[in-house]
Amino acid sequence: MNGVVLISGNGSNLQSIIDNASGIDLNISCVISSNSDAYGLKRAEKAGIATAVIDHQLFDSRFKADKEIMKVIDDSRAVVIILAGYLRILSPEFIEKYIGKILNIHPSLLPKFKGLNTHQRAIDAAEKIHGASVHFVTEELDGGPVIAQSSVEIDSTDNAKSLASKVLNKEHILYPKIIHWYTQGKIKLIDNQNVQLDGQII
Ligand code: GRF
């Protein structure tokens, strides 16, 4: 299955997807970055994957920038859109066009800690368990239905950095697995709010 990966930064999740691509039946047709300095672009180039940089600051509306992204997606015949550390909010028009085909990984056990700085917020809230979630993207920021989660324990010695690293290790295992479910047709978004796994609502 052809898919694009959208990034803004380091791209360690992108790397885990690249490393697992053949086993999960994914052909990454393009890596699209919102930031020309993203290290993930180098990872893509090293793997021989086409790249595109679409910097929203060069457009006078979110939708105009998203139209450029849509063009790259459609030109590369991608049918799944994988957000992996993509730090831009997508326009409603974009989401409507690809609804059910957009996956995201978020570094918290949703619905807890939507948004940014999730690791520090989990520590500040004295959580004992934290983790990552893969979900379908809908118009509600970090609010689309969760497909699967992976958790870690928060130790008394953890700080935001150590916790981020523990969670990332889990992300690198979780995301390729869920992408594989998607490429095998095991998961579907139903009515913009439920996930079906092997035909059963979860
Ligand atoms: C990850 O923590 C992911 O959950 C979040 O952004 C971070 C991206 O990290 N959406 P990387 O760029 O994949 O290393």
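Residues numbered from 1 in each chain as written. Predicted model: local features only at pLDDT ≥ 70, side-chain atom pairs only at ≥ 80, totals over all residues. Heavy atoms only, no water.

So, about the packing of helix α1 (residues 12–20) against helix α2 (residues 39–46). Where α1 contacts α2, the axes come no closer than 9 Å and their chain directions differ by 15°. Taken as axis vectors, α1 and α2 run roughly parallel relative to one another. You can see that α1 and α2 cross each other, and the crossing is right-handed. Contact residues: α1 offers Ser12, Leu14, Gln15 and Ile18, while α2 offers Gly40, Arg43 and Ala44. (Axes fitted to C-alpha atoms, helices over the stretch in contact; angles between N-to-C directions. Helix = DSSP H or I, 4+ residues; strand = E, 2+ residues; numbered from the N terminus. Parallel < 35°, antiparallel > 145°, perpendicular 65-115°, else oblique. Left-handed = near helix turned anticlockwise from the far one by under 90°. Contact = heavy atoms within 4.5 Å.)

We now examine the packing of aromatic side chains. Taken as a whole and assessed by the stated rule, the structure comprises two aromatic pairs. Here the aromatic rings of phenylalanine 94 and tyrosine 98 are separated by 4.9 Å at their centres, their planes lie at 55°, and the arrangement is tilted. Within this pair, phenylalanine 94 and its partner tyrosine 98 are both found in helix α4 (residues 92–98), separated by four residues, close to a single helical turn. According to the relative accessible area criterion, phenylalanine 94 is buried, its value standing at 0%. (Phe/Tyr/Trp six-rings, centres within 6.5 Å; stacked < 30°, edge-to-face > 60°. Buried < 20%, exposed > 50% of the residue type's maximum accessible area, 1.4 Å probe, protein only.)

The geometry of α1 relative to helix α6 (residues 160–183) is characterised by a closest axis approach of 9 Å and an angle of 45° between their N-to-C directions. Considering their axes alone, α1 and α6 lie oblique with respect to each other. Pair α1 / α6 crosses with right-handed handedness. Between α1 and α6, the residues in contact are Ser12, Asn13, Ser16, Ile17 and Asn20 and Leu168, Glu171, His172, Tyr175, Pro176 and Ile179, respectively. The residue inventory of the contact of α1 with α6, partitioned by class, reads five nonpolar, five polar and one charged. (Nonpolar A, V, L, I, M, F, W, Y, C, P; charged D, E, K, R; others polar.)

Within α2, burial applies to Gly40, Leu41, Arg43 and Ala44. The buried residues of α2 all sit within an arc of 160° when viewed along its axis, so they share a single face. Away from the buried face of α2 by more than 90 degrees, exposed residues Lys42, Glu45 and Lys46 are located. Positive phi shows up at glycine 48, right after α2, with a value of about 75°. (Arc of directions from axis to C-beta.)

Attention shifts here to the pairing of strand β8 (residues 187–190). With burial as the criterion, only one face of β8 is covered, namely that bearing Ile187 and Leu189; the residues Lys188 and Ile190 on the opposite face remain uncovered. Of the strand pairs in this sheet, β8 and strand β9 (residues 194–197) are connected by four bridges, and their pairing is antiparallel. Bridging across to β9, lysine 188 finds its partner in glutamine 196. (Pairing = 2+ DSSP bridges.)

Our focus in this paragraph is the sheet that holds strand β5 (residues 102–106). Strands sit in the order β3-β2-β1-β4-β5-β6-β7 across an open sheet of seven strands; the sheet is mixed. Of all strands in the sheet, those bounded by a partner on one side alone are β3 (51–53) and β7 (146–153). On average, adjacent strands in this sheet sit at an angle of 20° to one another, irrespective of strand direction. Here four bridges tie β5 to strand β6 (residues 129–136), and the two strands are oriented antiparallel to one another. Its bridge partner lying in β6, histidine 106 is registered against serine 133. Along the sheet face, α1 touches β1 (2–7), β2 (27–33), β4 (80–83) and β5 and points at about 170° away from the line of β2. Strands in contact with α6 are β4, β5, β6 and β7; relative to β7, the strand with the most contacts, it is inclined by about 155°.

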